[in-house]
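What the coordinates show
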Amino acid sequence: MSDSGTVTKTGLVALTGVNKHFGDLHVLKDINLSIDEGEVVVVIGPSGSGKSTLCRAINRLEPIDSGSITLDGQPLPSEGRALAKLRADVGMVFQSFNLFAHKTILQNVTLGPIKVRGTDPKQAEKRAMELLERVGVATQASKFPAQLSGGQQQRVAIARALAMDPKVILFDEPTSALDPEMIQEVLEVMVDLAKQGMTMIVVTHEMGFARTAANRVVFMADGEIVEQADPEAFFTNPTSRRAQDFLGKIL
Ligand code: ADP
Ligand code: MG
């Protein structure tokens, strides 16, 4: 409760004073970031600025040294079933797809719901097929990941994340490993998700995506959030010197 008596609403995902070191390297420096339900936040910044570490911390793939991270107001669990549930609630799509190579496309999507959510296998398959349809790869369901193009694999990875009914999905440079002609098909699926109200944290340098789908751009450099703004303001009029330099290099 604030002084005025109204309930202060924290974001769906909230980071407060988060610090993380790798040895002597201070990779996350006092990060404060709150993301509302339904918000799409694009994180950009130079290589090595801590963007992946930030994503991994929210999914608790990396423990933090100090500060707090909450999901739906609850501190992130550190172990056991609660951690497995957190990983289901916080979907993650990586640059390198990370599909299970020895499972079919359909199994890739059904495995999590069956194992972690306890979904009935028949029900999980039905839902998986709907999701594969939605991302445009339903005809590939019985194939193995290596038989699909990179763009198709990444769309399967998105379907796999969606199958868990996550509260938020983190995307860490989801199109960086793709051939140029496949980038658009993945971005289209992501834009569609954003329009349907999915809460998304997206590390990407795709300005088109940021302009079309993001509510906010967060610019990171050297482990710090240097600047945040709506996409149009950020790209046309970055206020910090570091953001100006960065945009000068990538635009
Ligand atoms: P970005 O995703 O913005 O390129 P990262 O979060 O991957 O940045 O990395 C931030 C910094 O932390 C880099 O200097 C990187 O080399 C370092 N780093 C990342 N992961 C590890 C690790 N597991 N051990 C040691 N250093 C790491
Ligand atoms: Mg990275």
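Since the structure is predicted, the reported quantities are computational estimates derived from the model, not experimental observations.

The rules behind these values
- What you see as residue numbers is a count from 1 along each chain, following the sequence as written.
- The order in which chains are written sets their letters, starting at A; the order in which ligands are written sets their numbers, starting at 1.
- The predicted nature of this model means local features are confined to residues of pLDDT at least 70 and side-chain atom pairs, given and counted, to a pLDDT of 80 or more, with totals for whole chains, interfaces and linings taken over all residues.
- The secondary structure listing takes helices from DSSP runs of H or I that are at least 4 residues long and strands from runs of E that are at least 2 residues long, numbered from the N terminus.
- Here the globule rule is a power law, 2.2 Å times the number of residues to the power 0.38, and the radius of gyration is based on C-alpha atoms.
- Exposed residues have 12 or fewer other C-beta atoms within 10 Å of their own C-beta, buried residues have 20 or more, and residues in between are partly exposed; the C-beta atoms are placed from the backbone.
- Here, strands pair whenever DSSP counts at least two bridges between them.
- Only the stretch in contact is used when a helix axis is fitted, and all axes are lines through C-alpha atoms; the angle between N-to-C directions ranges over 0 to 180 degrees.
- Placing C-beta atoms from the backbone, we regard two residues as in contact once those atoms come within 7 Å.
- UniProt positions are given in the numbering used here, feature names are shortened, and annotations may be inferred rather than shown by experiment.
- Note on definitions: a residue is near a molecule or strand provided its C-beta atom, placed from the backbone, lies within 6 Å of it.
- Nonpolar residues are Ala, Val, Leu, Ile, Met, Phe, Trp, Tyr, Cys and Pro. Charged residues are Asp, Glu, Lys and Arg, and all others, Gly as well, are polar.
- By this rule, a helix spans an expected 1.5 Å times one less than how many residues it contains.
- For every residue, the predictor assigns a confidence score, pLDDT, that lies between 0 and 100.
- Connectivity within a nonpolar core runs through C-beta atoms within 7 Å, and the core itself is a set of buried Ala, Val, Leu, Ile, Met, Phe, Trp, Tyr and Cys residues.

Okay, the overall build of the protein next. A tally of regular secondary structure across the protein gives nine helices and 10 strands. Radius of gyration (C-alpha) of the protein: 18 Å, near the 18 Å computed for a compact globule of 251 residues. For the protein, the C-alpha atoms occupy an extent of roughly 50 × 40 × 40 Å along the three principal directions. Taken over 251 residues, the protein has a buried fraction of 42%.

Pairing is mixed across the open sheet formed by six strands, whose spatial order is β6-β7-β8-β3-β9-β10. Both edges of this open sheet fall to β6 (90–93) and β10 (224–229), since each of them pairs with a single strand only. Adjacent strand axes in the sheet meet at a mean angle of 20°, parallel and antiparallel pairs treated alike. Sheet topology places strand β7 (residues 168–172) next to strand β8 (residues 200–203); four bridges connect them, and they run parallel. Its bridge partner lying in β8, Asp172 is registered against Val203. Running over the sheet, helix α5 (residues 150–162) touches β6 and β7 and is turned about 175° from β6.

With that settled, consider the UniProt feature "domain: ABC transporter" (unreviewed entry) in the protein. The UniProt record annotates "domain: ABC transporter" (unreviewed entry) at residues 13–247. Taken end to end, residues 13–247 comprises 40% helix and 25% strand; its first and last C-alpha atoms sit 27 Å apart.

Right, let's talk about the sheet that holds strand β4 (residues 66–71) for a bit. Pairing in this open sheet of four strands is antiparallel, and the strands run β2-β1-β4-β5 from one edge to the other. Strands at the two margins of the open sheet, each flanked by one partner only, are β2 (25–35) and β5 (74–75). When β4 meets β5, the two strands line up antiparallel, connected through two bridges. Its bridge partner being in β5, Leu71 is matched across the sheet by Gln74. Against the sheet, helix α1 (residues 51–58) touches β1 (13–22), β2 and β4, its axis set at about 60° to β2.

This part is about the site of ligand 1. Near ligand 1 you find Phe22, Leu25, Val27, Gly45, Ser47, Gly48, Ser49, Gly50, Lys51, Ser52 and Thr53, and these make up its full shell. Top element by residues in the shell around ligand 1 is α1. It accounts for three residues. Taken together, the residues of the shell around ligand 1 sort by class into three nonpolar, seven polar and one charged.

So, about α5. With 13 residues, α5 should cover 18 Å at 1.5 Å per step; its first-to-last C-alpha distance of 18 Å lies within 8% of that length. For α5, every residue scored as buried is listed here: Gly151, Gln152, Gln153, Gln154, Arg155, Val156, Ala157, Ile158, Ala159, Arg160, Ala161 and Leu162. Structurally, α5 contributes buried residues whose contacts are with β6, α3 (105–117), α4 (121–134), β7 and α6 (180–195).

What follows deals with α4. With 14 residues, α4 extends 20 Å from end C-alpha to end C-alpha; this agrees with the ideal 20 Å at 1.5 Å per step. Next to the buried residues of α4 lie α3 and α5.

Although it is not a glycine, Asp72 adopts a positive phi angle of roughly 55°. Relative to the assigned elements, Asp72 resides in the loop between β4 and β5. At Asp222, a residue that is not glycine, the phi angle is positive and equals roughly 50°. Its place among the elements puts Asp222 in the loop between β9 (216–221) and β10. Taking the C-beta count within 10 Å as the criterion, Asp222 has 14 such neighbours and is therefore assigned partly exposed.

Moving on, we get to the confidence of the model for the protein. Chain-level statistics for the protein give a pLDDT mean of 94 and a share of 96% at 70 or above. For this predicted complex, the interface score ipTM comes out at 0.98, alongside a pTM of 0.94.

Moving on: the nonpolar core. One finds Val43, Val109, Ala159, Leu170, Met190, Met200 and Ile201 to be the most contacted residues of the largest nonpolar core, which totals 73 residues. At seven residues, the largest contribution of residues to this core is made by α6. Excluding its chain neighbours within four sequence positions, the residues that come into contact with Ala159 are Val109, Leu131, Leu132 and Val135.

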